[in-house]
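Residue-level listing of the chains:
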Amino acid sequence: MLLKNTDVTRGLANGARGVVVGFEQPEEGGGFQGWGPLPKVAFKVATNSNKNASSGVGAGGRSSGGSGGGGKSSSGYRTVTAVIEPAEWSLELGRARVARRMQVS
C-alpha cells in the first residue's frame, strides 16, 4: 500500500494497493544503492472512463519497463507498474531536526 502520493496522474496515490511482481536494483546515482533491490509493484488503476470506481489505487517510484504506462482493459481498469523508492519524513523543532524516518512507501 502506498503511504503517499507519488504520481497521481498515473493513479499512484496514497492508499493505492498493489502486488509485488519483482525487484530491481536502484538506478546508478539515484541515492538508493544502500537499500538493495527495490520492489516493483503492479497497481490496478481505473481508466478515465471509470474514474469513480473504487480501484484501490495509490506510493510512488519510477516507472519501469513492460506495462509501466499501463495497459488498457475492457473492464475499465489498467495495470500501472512502478518501482517503489524510499521516502523520508522528518520532524523539526525550530531549525533542528529531532526525528527522521526513512522507508519504502
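In the block above lies the structure referred to throughout.
Notes on the structure follow.

Conventions we followed
Residues numbered from 1 in each chain as written. Predicted model: local features only at pLDDT ≥ 70, side-chain atom pairs only at ≥ 80, totals over all residues. Heavy atoms only, no water. Helix = DSSP H or I, 4+ residues; strand = E, 2+ residues; numbered from the N terminus. Buried < 20%, exposed > 50% of the residue type's maximum accessible area, 1.4 Å probe, protein only. Phe/Tyr/Trp six-rings, centres within 6.5 Å; stacked < 30°, edge-to-face > 60°. Lys NZ or Arg CZ within 6 Å of the ring centre and 35° of its normal. Core = buried A, V, L, I, M, F, W, Y, C linked by side-chain atoms within 4.5 Å. Pairing = 2+ DSSP bridges.

**Some details on the overall build of the protein chain**
Inference 1: The number of helices and strands found in the protein chain is zero helices and seven strands.
Inference 2: Helices and strands in the protein chain line up, N terminus first, as β-β-β-β-β-β-β.
Inference 3: Evaluated residue by residue, the protein chain yields a buried proportion of 36% over its 105 residues.

**Section: the packing of aromatic side chains**
Inference 1: Tallying each qualifying case throughout the model produces zero aromatic pairs.
Inference 2: Sitting over the ring of Tyr77, Lys44 keeps its end group 4.7 Å from the ring centre.

**Some points on the nonpolar core**
Inference 1: Residues Leu2, Leu12, Ala16, Val41, Phe43, Val45, Val80, Ala82 and Ile84 constitute the largest nonpolar core, which totals nine residues.
Inference 2: Elements that contribute at least two residues to this core include exactly strand 2 (38–46) and strand 5 (77–83).
Inference 3: The greatest single-element share of this core, amounting to three residues, is contributed by strand 2.

**Considerations on the pairing of strand 5**
Inference 1: Within strand 5, six of the seven residues are buried, which leaves the element mostly enclosed by the surrounding structure.
Inference 2: Pairing analysis gives seven bridges linking strand 2 to strand 5, with the strands arranged antiparallel. If you follow Ala42 over to strand 5, its bridge partner there is Thr81.

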